[in-house]
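As a plain string of letters, each chain reads:
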Amino acid sequence: YASGQLYKTDPTSIYNYAEQYRLQAILVEPSTLPGLNPFISPPYVAMLYSVFTWLPLHWSMLLWSLLTLVFCFVSVRLIATFVPDKLRMAGLTNKQLLILTISFFPFIEGLLAGQNHGLTLLLVTGILVSACRQHWFLAGILAGGLIYKPHLVIGFLIVWIIWKNIKALAGFAGVVTLVAGIFLLLN
């Protein structure tokens, strides 16, 4: 949220840790900030985060938390068809799979901190499910959506280049060009 505000007011300061800390401290007043949550993502991510700053912080956090739960629910629905029959026969239901996912400690911590792990889960799940179903262009589009975490996309890109999977690479390139183009036009 703070990075989105910095992007809207002074985009050159999104990597200024002192300014990040100052704004984060203001946002949580009267609570004391235990430390800096540094913005270390590519600059276009701050542009995307700025959309949430149109709402007050508490409403933005609530909206993001609800979206994270929706992302998780959709991810579980997508992956549920790949649960082995042995686990299904042992009694594992989709509801139990959802509860296991939501009750996973890192998921809870990310939810409390407003992290983007729910979106990451959805995109990676979508990429893998699309690839299994050989919907390569869709897999590429979803990988393009994951460019806010470029280190998670590299493996997919290497495999698609080796396989000469033009559809996946085209989907990826289209989304990256769109996001980078919008960022460049605005900045």
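Since the model is a prediction, treat every value here as computed from it, not as a measurement. (Residues numbered from 1 in each chain as written. Predicted model: local features only at pLDDT ≥ 70, side-chain atom pairs only at ≥ 80, totals over all residues. Heavy atoms only, no water.)

*Asks:* What is the right way to look at the pattern of salt bridges in this model?
*Replies:* Pairs can form between side chains of opposite charge whenever their charged atoms are close. By the definition in use, this model includes one salt bridge. Across the pair Arg22 and Glu19 runs a salt bridge whose closest N-O atoms are separated by 2.5 Å. One end of the pair is Arg22 and the other is Glu19, both in helix 2 (residues 17-28) and three residues apart, which spans about a single turn. The class of Arg22 is partly exposed, set by a relative accessible area of 42%. (Salt bridge = Lys/Arg side-chain N within 4 Å of Asp/Glu carboxyl O. Helix = DSSP H or I, 4+ residues; strand = E, 2+ residues; numbered from the N terminus. Buried < 20%, exposed > 50% of the residue type's maximum accessible area, 1.4 Å probe, protein only.)

*Asks:* Before we go on, may I ask you to explain the packing of aromatic side chains in this structure?
*Replies:* Any aromatic ring pair is given by two values, namely how distant the centres are and how the planes are angled relative to each other. Summed over the entire model, instances satisfying the criterion amount to six aromatic pairs. Arranged with centres 6.0 Å apart and planes meeting at 75 degrees, the rings of Trp64 and Phe71 form a pair that is edge-to-face. Judged by its relative accessible area of 14%, Trp64 is buried. The class for Phe71 is buried, based on a relative accessible area of 14%. A centroid spacing of 5.9 Å and a plane angle of 80 degrees characterise the contact between Trp136 and Trp163, whose relative ring orientation is edge-to-face. On the criterion of sequence distance, the pair formed by Trp136 in helix 9 (residues 136-145) and Trp163 in helix 10 (residues 150-163) is long-range, its members being 27 residues apart. Taken together, the aromatic side chains of Tyr15, Phe39 and Tyr49 make up a single cluster linked through ring pairs. Seen from the ring of Trp54, Lys8 lies directly overhead, with NZ or CZ sitting 3.8 Å from the centre. (Phe/Tyr/Trp six-rings, centres within 6.5 Å; stacked < 30°, edge-to-face > 60°. Lys NZ or Arg CZ within 6 Å of the ring centre and 35° of its normal.)

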